[in-house]
Amino acid sequence: MGTITPLNIELNNIIDNVDEKLLITRFNKIKSNLGPIGVLLTFYAITLLSLTFIRLILIVWQAERTLNENAWPQILLNGLRIDISILSYFFIIPLLISFIGLFLNLKNSSGDRILRSFLKGWLIASVTILVFFEAITPTFILEYDLRPNRLFIEYLIYPKEVFSMLFTGYKIEILSCIIIMIFTTKLSMKLFDTSWQAKTDLPKKYLALLGISLIFLCALGARGTLQHRPINPAMMAFSTDHLVNELTLNSLYSTLFALKQMQLEMSSADFYGDKPFDEVITQVQQSSNLATNQYVNAEIPTQAFHTASYQGKPKNIVILLQESLGARYVGGLGGLPLSPSLDKLMNEGWNFTNLYATGTRSVRGIEAIITGFLPTVSRSVVKLDKSQKNFFTIADFLKKHNYYTQFIYGGESHFDNMKGFFLGNGFEDIVDYPKFNHVEFEGSWGASDEDLYNQAHKEFNELANKEQPFFSLVFTSSNHSPYDFPDGKITLHDKEKSTRNNAAKYADYALGTFFEKAKKSNYWDNTIFLIVADHDSRVAGAELVPIEHFHIPAVIIGKDIKAKQDSRLTSQIDLAPTLLSIAGVSGTHPMIGHDLTQIIPNEKLRALMQYDKNFAYITRDNKVFLQPDKEALVIAKYNLSAEEKSQLIKRAQSHAILGSKLYQQELYH
């Protein structure tokens, strides 16, 4: 037992003599003096504490990453600033209205009832919305390793597909969210009713002083800083782990900030620093495998004539775009044993073992593979206004070389604006779910992969009977949450059926059955097939850009394609130029990707990745990470001189901002 000191005795005496009733009376008097302002301050304080508590739970949940290097105090401190900012925005309007009501001395009039109803509705709605976004955060982090952001907004555009997915695969999460919302609403109503005070005893001069002070503090809190720029996610970022930086935000803030960025569609130069256009073009041209004097069109600075390596009769091109198939699901790339069919095809064709996606969304993969366009911080060009027509795609390029161009998809092609973008940029025919001849199994995203490939097989047979070469993009969907696929097709990898691993295994099974038929078809001899993933699933990792989760499979296969394993560092943007070269289609185009049929010097091999607001430029020996409003982070295998490091950063920045410049000035056609 500890020693009893006079100080201990004195403290005990003070505590024993505290009049609890007097404290309650004084607290109620303070509330009465403040009137509705006291209610607002009560809600503000409780909501702020609640958001902090939720963030603390997330920190503990992600302890392996948040406790590393004692990051958690900074997360809490920065998070407090973000929470104060968004709450200040929420509370400044009811604060103004409350002071106006008090000055008008509403008392028990109908105006008092209107004020009470308005404040009650506003406060309860505000708290409920904030809690809703926090309630969906764990599921979002599990899926994307990020708080809700622009992906949340973009998914809302397609309610049929998204709600079908949610109700099928996320029943427990939905039920939990509903329970939390109901509890929050009821608790907020009770808090409001018990704390409501309509009047204030403060003289108007003190009321005016209080009003001016609180409104000033709200405005300052909303801005979050006295610096030139108001508070923003970049200002709060301090870690090389993107999720740690995300936890400093709250989820409503991250979503609203993303909405603002979507409206502005900021250029990558706004994030990573601007450079003169001529310097950017020079850097990119010099990093290509062409001589700079081959770029002869000043109006389209990346345009050059490309000679195909194959000079025979042009071949058909088919791209089989695999949904969410990261390297970790491919046995042949060191992943789980889920892909026996793809593993077999990888040994039969030209297999790229070191290829990386440019992003984490299907439209980003489509952007890279179909247009060869560089990734940006903005949305994919599949969705942007200026790229809906007269934007380069290999479909448009091939159409001008007398190819028939087609997109085949098991869902509804309007999703993610694919149909609009494709029809405006060279695709003649869209074959989606409503046009399928027969569907044996319908999942949340439409026809199963087997049904998709059956329809594709039918289309290819019909096209092969014509003398015209064809190009077709076939996009799968079975390997997508909630992982619907028919029974009895595969031996399950996981005991529970509807899992990511089982869906990946089924997608592989469907791919294998397609190629069994394709090899016996009338189109096999004259067709080049590219099997490639759009992106990995559930990208996560304690890096600014988790590179290992951008690693994806890609294999080119066909009758005349020799089997080989290609370990060169490659990017999705290299695939389209390579396909055109193999198929025997020469011509002028603006794609800067490498033609991998050629010898590419090791120093020019690179991969590019956009992950939320961060950009990665990796070479064989170096990694450059670009963050908004921060210096570039360089991780080098060997020591670099200051000049070498500077040159590497310039090259990375040029590739990061070129896409935005080409899009804004409409120079990619």
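Residues numbered from 1 in each chain as written. Predicted model: local features only at pLDDT ≥ 70, side-chain atom pairs only at ≥ 80, totals over all residues. Heavy atoms only, no water.

Caption draft 1: Geometry of unusual backbone geometry. The step from Ser481 to Pro482 runs through a cis peptide bond, and the omega angle for that step is 15°. With phi around 65°, Asn417 is a residue other than glycine that occupies positive phi space. Here Asn417 is to be found in the loop between β4 (404-409) and α20 (418-424). The phi angle at Glu666 is positive, at roughly 55°, despite the residue not being glycine. Judged by its relative accessible area of 47%, Glu666 is partly exposed. (Helix = DSSP H or I, 4+ residues; strand = E, 2+ residues; numbered from the N terminus. Buried < 20%, exposed > 50% of the residue type's maximum accessible area, 1.4 Å probe, protein only.)

Caption draft 2: Focus on the packing of aromatic side chains. Scanning all chains against the criterion turns up 39 aromatic pairs. Between Tyr44 and Phe91 the ring centres are 5.2 Å apart and the planes differ by 65°, which places this aromatic pair in the edge-to-face class. Within this pair, whereas Tyr44 is found in helix α3 (residues 36-61), its partner Phe91 is found in helix α5 (residues 72-103), the two being separated by 47 residues in sequence. Both residues of the pair, Tyr44 and Phe91, belong to the buried class. (Phe/Tyr/Trp six-rings, centres within 6.5 Å; stacked < 30°, edge-to-face > 60°.)

Caption draft 3: Structural view of the sheet that holds strand β15 (residues 614-618). Taken together, the four strands give an open sheet; going across it, the order is β14-β15-β16-β17, and neighbouring strands pair in antiparallel fashion. With partners counted over all chains shown, the strands left at the sheet margins are β14 (607-611) and β17 (633-636), one partner each. Across the sheet, the axes of successive neighbouring strands diverge by a mean angle of 15°, strand direction being ignored. Examined bridge by bridge, strand β16 (residues 622-626) and β17 share four bridges and lie antiparallel to one another. (Pairing = 2+ DSSP bridges. Axes fitted to C-alpha atoms, helices over the stretch in contact; angles between N-to-C directions.)

Caption draft 4: Looking closely at the confidence of the model for the protein. Confidence in the prediction of the protein, expressed as mean pLDDT, is 90, and 94% of residues score 70 or more. Segment residues 22-27 is flagged for pLDDT under 50; beyond a separation of four residues in sequence, or across chains, it makes one contact in the model. (pLDDT = per-residue confidence, 0-100. Contact = heavy atoms within 4.5 Å.)

Caption draft 5: Summary view of the packing of α3 against helix α6 (residues 110-135). In the contact formed by α3 and α6, the axes pass within 11 Å of each other and the chain directions differ by 5°. Put simply, α3 runs roughly parallel to α6. Here α3 contributes Pro36, Val39, Leu40, Phe43, Thr47, Leu51, Ile54 and Leu58 to the contact with α6, which in turn contributes Leu115, Leu119, Leu123, Val127, Leu130 and Glu134. Counted by class, the contact of α3 with α6 contains 12 nonpolar, one polar and one charged residues. (Parallel < 35°, antiparallel > 145°, perpendicular 65-115°, else oblique. Nonpolar A, V, L, I, M, F, W, Y, C, P; charged D, E, K, R; others polar.)

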